[in-house]
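Residues per chain are reported as follows:
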Amino acid sequence: RVVRSAAEGPGSTSFVSVEASSTLSALFAASPDAIVMTDAKGVIRDVNEAFLVMTDAAQLRDVKGRSLSEFFVRGAVDLKLMMEAAVKSGRMSHYSAQVSSVVGNRTAVDISVAQVRQRARDTGFGFIIRDVTPMAGTEPDAPAGVMSEDGMKNVMDLEGTASEKEVVSHPS
């Protein structure tokens with residue numbers, strides 16, 4: 001038996017086996033990296049336990065229905081840049097940002113995002129958010145939050161899509 005893949009691209013008729021679907025569900029639950037599924041506007045639909053831990057949220061209902069931008073230090077600017085890049089090319093990787101928890105703790109992260117299609121009509125995004133905070137005793141002089149070359153290229157490609165007011169109102 002096969003089921004329609006939740007990670008279909010536009011116009012794709014991709015299918016995965018029931019076993020693969022079960023494996024992906026187990027990966028979602030067990031991943032040490034935060035995984036967030038949003039709708040097309042960036043509103044959170046589902047998250048894994050790692051995201052709840054990263055944001056100091058107690059349970060899914062504490063974050064579901066909120067914009068993912070509420071958890072980025074630069075807010076809507078970060079979310080807009082990532083979603084526009086994903087729409088343009090289907091995916092984006094190595095976007096450096098900071099996540100702010102519900103109690104104000106900041107975490108340096110590396111984010112990959114893919115545009116996904118669910119139920120063949122409802123487009124949204126999948127985010128994988130990896131904590132890149134240097135651990136005690138490892139490279140204390142490494143700059144946190146430095147954008148990769150690919151990330152910088154994506155930002156430069158999208159330059160001018162965020163208003164100056166948005167950029168100024170969301171300092172890093």
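Shown above is the structure to which this text applies.
The structure presented is a predicted model; accordingly, all values stated were derived computationally and were not measured.

(A) View of the side chain of Ser 67. Residue placement: Ser 67 occurs in the loop between α2 (49–54) and α3 (76–89). For Ser 67, a relative accessible area of 18% translates into the label buried. If sequence neighbours within four positions are ignored, Ser 67 has contacts with Gly 42, Val 43 and Leu 79.

(B) Structural context of the nonpolar core. Core analysis: the biggest nonpolar cluster contains 30 residues, and Phe 51, Ile 111, Phe 127 and Ile 129 have the highest contact counts within it. Looking at this core, the elements with two or more residues in it are β3 (34–39), β4 (44–47), α2, α3, β5 (91–100), β6 (106–118) and β7 (122–131). No other element matches the 7 residues that α3 contributes to this core. Residues contacting Ile 129, with those up to four places away along its chain left out, are Asp 33, Ala 34, Val 36, Phe 51, Met 54, Val 99, Val 109, Asp 110 and Ile 111.

(C) Broad picture of the packing of aromatic side chains. Enumeration according to the criterion identifies 2 aromatic pairs in this entry. Where Phe 51 meets Phe 71, the ring centres are 5.5 Å apart and the plane angle is 80°; that geometry is what we call edge-to-face. Here Phe 71 lies in the loop between α2 and α3 and Phe 51 lies in helix α2, a separation of 20 residues in the sequence. Under the relative-accessibility criterion, Phe 71 is labelled buried at 1%. Ring centres of Phe 125 and Phe 127 lie 6.4 Å apart, and the angle between their planes is 50°; this geometry places the pair in the tilted category.

Criteria and cut-off values
- Residues numbered from 1 in each chain as written.
- Predicted model: local features only at pLDDT ≥ 70, side-chain atom pairs only at ≥ 80, totals over all residues.
- Heavy atoms only, no water.
- Helix = DSSP H or I, 4+ residues; strand = E, 2+ residues; numbered from the N terminus.
- Buried < 20%, exposed > 50% of the residue type's maximum accessible area, 1.4 Å probe, protein only.
- Contact = heavy atoms within 4.5 Å.
- Core = buried A, V, L, I, M, F, W, Y, C linked by side-chain atoms within 4.5 Å.
- Phe/Tyr/Trp six-rings, centres within 6.5 Å; stacked < 30°, edge-to-face > 60°.

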